[in-house]
Number of protein chains: 2
Amino acid sequence: MPVELTPSQALGLWHAVSLEQVRVDGRDLTLRQMAILLQIYLVPPPHTVRGLAMTLGVTKPVITRALDTMGALGLVDRVRDERDRRNVIIKRTVEGALYLEKFGDLIINQGRNLSL
Amino acid sequence: MPVELTPSQALGLWHAVSLEQVRVDGRDLTLRQMAILLQIYLVPPPHTVRGLAMTLGVTKPVITRALDTMGALGLVDRVRDERDRRNVIIKRTVEGALYLEKFGDLIINQGRNLSL
DNA sequence: GCCGATCGTTACGCAAGCGTTTCTTTTATA
DNA sequence: TATAAAAGAAACGCTTGCGTAACGATCGGC
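Residue positions within a chain follow its written sequence, with the count starting from 1. Written order determines the labels here, with chains lettered from A and ligands numbered from 1. Local features in a predicted model are, by the rule used here, given only for residues with pLDDT of at least 70; side-chain atom pairs are given and counted only at 80 or more, and totals for whole chains, interfaces and linings are based on all residues. Side-chain figures throughout are based on the complete set of non-hydrogen atoms in the structure, without hydrogens or water.

**Some words on the protein's contact with DNA strand D**
Close contacts around DNA strand D come from 20 residues, with Arg 50, Lys 60, Thr 64 and Arg 78 of chain A together with Arg 32 of chain B the closest. We call a residue near a given molecule or strand whenever any one of its heavy atoms falls within 4 Å of it. The contact atoms of DNA strand D, taken as those within 4 Å of the protein, divide so that sugar and phosphate hold 70%. Taking Arg 78 of chain A, its side chain carries an N or O atom lying 2.9 Å from a phosphate oxygen of DNA strand D. We call two N or O atoms a polar contact when they sit within 3.5 Å, provided that within protein one can donate a hydrogen and the other can accept it, with sequence-adjacent residues counted only if both atoms are side-chain atoms. Contact distances for DNA strand D include 3.0 Å between a phosphate oxygen and a side-chain N or O atom of Gln 33 of chain B. Each helix corresponds to a stretch of at least 4 residues labelled H or I by DSSP, and each strand to a stretch of at least 2 residues labelled E; elements are numbered beginning at the N terminus. Of all elements in the fold, only helix H3 (49-56) and helix H4 (60-72) of chain A together with helix H2 (31-42) and helix H4 (60-72) of chain B reach the threshold of two or more residues within the surface near DNA strand D. Examining the composition of the surface near DNA strand D, we find that four residues originate from one element, H4 of chain B, more than from any other. Looking at the surface near DNA strand D residue by residue, the classes come out as five nonpolar, six polar and nine charged. Note that Gly is not counted as nonpolar here; it falls among the polar residues with everything else outside the nonpolar set of Ala, Val, Leu, Ile, Met, Phe, Trp, Tyr, Cys and Pro and the charged set of Asp, Glu, Lys and Arg.

**Focus: the packing of helix H1 (residues 7-24) of chain A against H2 of chain B**
At a closest axis distance of 9 Å, the pairing of H1 of chain A and H2 of chain B adopts a crossing angle of 130 degrees. Between H1 of chain A and H2 of chain B, the crossing angle belongs to the class labelled oblique. The interaxial crossing formed by H1 of chain A with H2 of chain B has left-handed handedness. Residues Leu 11, Gly 12, Trp 14, His 15, Ser 18, Leu 19, Gln 21 and Val 22 of chain A of H1 of chain A form the contact with H2 of chain B, whose participating residues are Leu 31, Arg 32, Met 34, Ala 35, Leu 38, Gln 39 and Leu 42 of chain B. Its residues assigned to classes, the contact of H1 of chain A with H2 of chain B shows nine nonpolar, five polar and one charged. Working convention: axes come from line fits to C-alpha atoms, limited for helices to the stretch in contact. Angles between N-to-C directions cover 0 to 180 degrees. Reported orientations rely on four angle classes, namely roughly parallel under 35 degrees, roughly antiparallel over 145, roughly perpendicular from 65 to 115, and oblique for the rest. When the near helix sits turned anticlockwise from the far one by under a right angle, the crossing is termed left-handed; a clockwise turn instead gives a right-handed crossing. By definition in these notes, contact holds between two residues if any of their heavy atoms fall within 4.5 Å.

**Thoughts on the protein's contact with DNA strand C**
The immediate surroundings of DNA strand C are formed by 20 residues, with Arg 32 and Gln 33 of chain A together with Arg 50, Lys 60 and Arg 78 of chain B found nearest. Here, DNA strand C places atoms within 4 Å of the protein, and 70% of those atoms are sugar or phosphate. One nitrogen or oxygen atom from the main chain of Arg 50 of chain B is found 2.7 Å from a phosphate oxygen belonging to DNA strand C. Interatomic distance of 3.4 Å between a side-chain N/O atom of Arg 86 of chain B and a base oxygen of DNA strand C. Looking at the surface near DNA strand C, the elements that each hand over two or more residues are helix H2 (31-42) and H4 of chain A together with helix H3 (49-56) and H4 of chain B. For the surface near DNA strand C, a count of residues per class yields five nonpolar, six polar and nine charged.

**A word on the interface of chain B and chain A**
Contacts between the two partners involve 42 residues from chain B and, on the opposite side, 42 residues from chain A. With both sides pooled, the region where chain B packs onto chain A buries about 4,200 Å², and carbon together with sulfur makes up 73% of that total. We define a salt bridge as a side-chain nitrogen of Lys or Arg found within 4 Å of a carboxyl oxygen belonging to Asp or Glu. At the boundary of chain B and chain A, one finds two salt bridges. The partner of Arg 112 of chain A in a salt bridge is Glu 4 of chain B, with the nearest N and O atoms 3.4 Å apart. Inspection of the chain B/chain A interface yields eight residue pairs in polar contact (both at pLDDT 80 or more). When two parts are brought into contact, each loses some accessible area as probed by a 1.4 Å sphere; the total of that loss over both is the buried area.

**A look at the nonpolar core**
Judged by nonpolar contacts, the single largest core of 76 residues is most densely connected at Leu 37 and Ile 107 of chain A together with Leu 37 and Ile 107 of chain B. For Ile 107 of chain A, the residues in contact, after removing those within four places along its chain, are Leu 13 and Val 17 of chain A together with Leu 5, Ala 10, Leu 11 and Trp 14 of chain B. In plain words, nonpolar cores are sets of buried Ala, Val, Leu, Ile, Met, Phe, Trp, Tyr and Cys residues tied together by side-chain atoms within 4.5 Å. Type-normalised accessible area, obtained with a 1.4 Å probe on protein chains alone, sets the label of each residue: buried when under 20%, exposed when over 50%, and partly exposed for intermediate values.

**Remarks on the side chain of Asp 25 of chain A**
With respect to the element layout, Asp 25 of chain A can be found in the loop between H1 and H2. A polar contact is formed between the side chain of Asp 25 of chain A and the side chain of Tyr 99 of chain A, at a distance of 2.8 Å.

**Structural notes on the packing of aromatic side chains**
Here a Phe, Tyr or Trp ring, Trp counted by its six-membered ring, pairs with any other such ring whose centre lies within 6.5 Å, and the pair is stacked when the planes are under 30 degrees apart, edge-to-face when over 60, and tilted otherwise. Per the counting criterion, the structure on display carries three aromatic pairs over all chains. For the pair Trp 14 of chain A and Phe 103 of chain B, a centre-to-centre distance of 5.2 Å together with 85 degrees between the ring planes defines the contact as edge-to-face. With Trp 14 of chain A in helix H1 and Phe 103 of chain B in helix H5 (residues 94-113), this residue pair bridges two chains. Per residue, the accessibility class of Trp 14 of chain A equals that of Phe 103 of chain B, and both read buried. One aromatic cluster is present, built from ring pairs that chain together Trp 14 and Phe 103 of chain A together with Trp 14 and Phe 103 of chain B.

This is the structure we're talking about:
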């Protein structure tokens, strides 16, 4: 089920959502952090630091730091993998799910309000 | 012409675009910078520092710094307003227009590839 | 012409992200 | 069992963005 957008709609949607997100959310996640968060919540687990780093095309410390930040915000959680204790499994949280649910609503509403 | 999206489509679109943008673009504009850039290019001029600050709901130094950064990247330009020399008029650039055109294409393509 | 108001910038100390490198723990292999 | 490899975190110096406060330049009203 593809989404067909005109150039005006595409940029207009991004514009409206970015604007509203800046105005409303004090947290101000970076694009990388947002990409990581969405990857964790939209792609089936398990998620590891190394896996996320490869998917995003960034180094591992970037993922570690992003998880530190978003963990402090309660958006994600980390648990040792007991089957291979070198790994860390990144877990979703209720707060993170709520955050993305609200963000999804924001996108939907701004898309609905587009009048270009 | 509204855009109707399901929650999966909304978050899936944001996910795909963010991911691709992280992988491809080394510039890594913040959400605020992106919102400012889109405001400049999608809303009829003139744009001033104060106006952008009010629209975004942020302080003026935030705008000044964002314009510094994006100006260094060639994405925007600044010109003194000769009618009221206190003002600075923010100008669009060819490079900025190309940047957003490519970004719009990215959104359109990722939307088209959505298969949720 | 003066003086308060407005506009954008700059300065300051601080927090957060970056890339690279090093370290610790754990696992796999010879 | 000794050793190499792998995963994630921590350390390092650096860059960039932040909020607040102060600043110089310019305008408008008296």
